[in-house]
Amino acid sequence: MKGAMPPVETSQHDTDEVTAAVKRVAAIPAGPFQERRRHPVMLSLLSRMASGVPAAVDTAGNLVAWFAGASVEAPLIFSAHLDTVFPLDTVEITEDEEAVYGPGVADDASGLAALAWLAGKLRHLPGKRTKSVLFAFTVGEEGSGGLRGIRHLLDFLLGRNDDHSLERLLPAGARSRPAALIAIDGTLGSIVSRGLHIKRRKMTWRGPGGHSWGAAGSPSAISAAAAAIARIGRIRVRPGHTTVNTGVISGGTSVNTIAPECSAEIEVRSVSGKRAAAVMTRVERTARESASASGIAVRIETLDERPGGATRSSHPCVRLLVESMRRFSIKPSFAVSSTEANAAMAEGIPALATGVVQASGAHTEAEKFFKSSLPQGLQLLLSYAAALLG
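Not measured: the values here are computed from a predicted model. Position labels on residues start from 1 in each chain and follow its written sequence. For this predicted model, a pLDDT threshold of at least 70 governs which residues receive local features, and a threshold of 80 or more governs which side-chain atom pairs are given and counted, while totals over whole chains, interfaces and linings are taken from all residues. The side-chain values count all of the structure's non-hydrogen atoms but skip hydrogen atoms and water molecules.

Looking now at the side chain of E267. Strands here mean DSSP runs of E at least two residues long; helices mean DSSP runs of H or I at least four residues long; both are numbered from the N terminus. By the element assignment, E267 lies in strand β13 (residues 261-270). Polar contact criterion, stated in full: a pair of N or O atoms within 3.5 Å, where within protein one must be able to donate a hydrogen and the other to accept it, and residues adjacent in sequence count only if both atoms are side-chain atoms. At a separation of 2.7 Å, a polar atom in the side chain of E267 contacts the side chain of R200. A distance of 2.8 Å separates polar atoms of two side chains, one belonging to E267 and the other to R269.

Structure follows, in structure tokens:
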């Protein structure tokens, strides 16, 4: 990471090509654990936009491409995630002069398309890049995916698992501790260099059920769950530091049946790993106490445990991004969030997340990205990558 920023140029053709790629990718439904649906289109994009860059699908379902620099050791990882939050069967993508609309167009179809484009552009920069790059189009970032895709890749590089597809793709020596991980996931100008600690649980209350009239007085799983959720909502937390959210609730049989079962999915986020653990302990205790008071059982399952971490603002991967943004008159905005960078931070690997478009409506079906922001986003990405690679 020498820090030199060679002059880079992008064109209207680049913008049009990436916009078209975003629409192609986003039009393919890829909810949690359905990411492989997007493999064919991503392989097609790599073939057209980055011809000659080898790629393979690993055993976790990640699509990984390799850009060779002068040194294969300690590669740089650029990642974007294949999955969306929506388990949809069909997706409608629309466009007007201002924006491209549709679930997942920014999060993270824009990142996927931009990295396929970057893989090709790096080959045409003058001179030989010092470092090599792993382009990781990953699974398992959203929902209860547990960051399983990027964790699998890091485990392989750190020698903790084997993957024959990756062994065939990467040259000898490339299997080593990465220099840094850059996740293209977020909005233009954002810098996520601090990752939240996240704990997620599924809680299921079960009772005897029965007819609403004939078994009146029998404990209701829904009532027990509601009582617990209400108490959990009153747990004292500090917005901006620690949060608790009940995101999903389901259960019951019919309007005239005492609910035999009810489940809820509950999440704790915190900038502090200790605080996240303490609050989740209280959440679990509250669920058990509510079940006991109601005379029914509760089962608690772990859905996800995401580690947090931080990358120093003085590290080159952060410093060079700030410098690149200022070069293009983009105001850097530091944020705390949960991204694939979390997995690297937890390993002590410098990491951050940033984006290439201005967008709104993330995690809703009204999501959109503003087309006028993409040219600047592509210039920034190419300039930043060139500076990182030396």
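Attention now moves to the packing of helix α1 (residues 12-26) against helix α3 (residues 105-121). To characterise two packed helices, one gives the angle between the axes of the helices and the distance between these axes. Angular values range over 0 to 180 degrees, each being the angle between N-to-C directions of two axes fitted as lines to C-alpha atoms, with helices fitted over their stretch in contact. Remark: α1 packs on α3, axes separated minimally by 8 Å, with the N-to-C direction vectors making an angle of 130°. Between α1 and α3, the crossing angle belongs to the class labelled oblique. With respect to the hand of their crossing, α1 and α3 are arranged in right-handed fashion. Residues D14, E17, V18, A21, V22, V25 and A26 of α1 lie in contact with α3, whose contacting residues are V105, A109, S110, L112, A113, A114, W117 and K121. Note on angle classes: values under 35 degrees are labelled roughly parallel, values over 145 roughly antiparallel, values of 65 to 115 roughly perpendicular, and the remainder oblique. Should the near helix be turned counterclockwise from the far one by less than a right angle, the crossing is left-handed, whereas a clockwise turn marks it as right-handed. Contact criterion: two residues are considered in contact whenever any of their non-hydrogen atoms come within 4.5 Å of each other.

Below, the discussion takes up the packing of aromatic side chains. Two rings from Phe, Tyr or Trp (for Trp, the six-membered ring) form a pair when their centres are within 6.5 Å of each other. A pair whose planes differ by under 30 degrees is stacked, one over 60 is edge-to-face, and the rest are tilted. Applying the stated criterion to the full structure yields 1 aromatic pair. Plain terms: the ring middles of F78 and F135 are 6.2 Å apart, the flat faces sit at 20° to each other, and that makes the pair stacked. Taken together, the residues span a long stretch of sequence, with F78 in strand β3 (residues 71-81) and F135 in strand β6 (residues 131-138) at a distance of 57 residues. The exposure class of F135 is buried, given its relative accessible area of 0%. Here, a charge over a ring is recorded when the distance from Lys NZ or Arg CZ to the ring centre is within 6 Å and its angle to the ring normal is within 35 degrees. Lying across the ring of F156, R175 places its NZ or CZ 4.0 Å from the centre. Only protein chains enter the calculation, and the probe is 1.4 Å; a residue is then buried if its accessible area is under 20% of its type maximum, exposed if over 50%, and partly exposed in between.

For the rest of this paragraph, the subject is the nonpolar core. In this structure, M42, F78, L118, L122, F135, F137 and I182 are the most contacted members of the largest nonpolar core, which totals 70 residues. Excluding residues within four positions of it along the chain, M42 makes contact with V25, L63, L82, L112, A116 and F137. By size, the runner-up hydrophobic cluster in this structure holds 26 residues, among which are V64, F156, L157 and L170. What we call a nonpolar core is a set of buried Ala, Val, Leu, Ile, Met, Phe, Trp, Tyr and Cys residues that are connected through their side-chain atoms within 4.5 Å.

Turning next to the sheet that holds strand β18 (residues 359-360). The pairing criterion for strands is at least two bridges between them, as found by DSSP. Taken together, the 4 strands give an open sheet; going across it, the order is β4-β5-β19-β18, and neighbouring strands pair in antiparallel fashion. Edge positions in the open sheet fall to β4 (94-95) and β18, since each of these has one partner strand only. Strand direction decides the pairing type here: β18 and strand β19 (residues 368-370), joined by 2 bridges, are antiparallel. Residue pairing across strands places S360 opposite K368, the latter belonging to β19.

On to a positive patch on the surface, then. The grouping of R236, R238, R275, R282 and R285 at the surface amounts to a positive patch. Locating R236 in the fold gives a position in the loop between α6 (221-232) and β11 (242-251). Since its relative accessible area comes to 71%, R236 is described here as exposed. Each patch groups residues whose relative accessible area exceeds 30% and which form no salt bridge, using 9 Å between like charges and 5 Å between nonpolar side chains of Val, Leu, Ile, Met, Phe, Trp and Tyr. Here the accessible surface of atoms and residues is derived via Shrake-Rupley with a 1.4 Å probe, and residues count as covered only by protein chains that are part of the display. Salt bridges are identified by distance alone: a Lys or Arg side-chain nitrogen within 4 Å of an Asp or Glu carboxyl oxygen. In summary, the charge assignment counts Lys and Arg as positive and Asp and Glu as negative, without counting His or the chain termini. Working definition for charges: the position is that of NZ of Lys, CZ of Arg, CG of Asp or CD of Glu.

Here we come to the pairing of β13. Counted residue by residue, β13 has 7 buried out of 10 residues, so it is predominantly covered. Bridge analysis of strand β9 (residues 197-206) against β13 gives 10 bridges, and the strand direction is antiparallel. Each bridged residue has a counterpart across the sheet, and for I198 the counterpart in β13 is R269. Alignment of β11 against β13, held across 9 bridges, turns out to be antiparallel. In the strand pairing of β13, V248 is matched with E265.

Distances and angles like these do not, on their own, reveal function.
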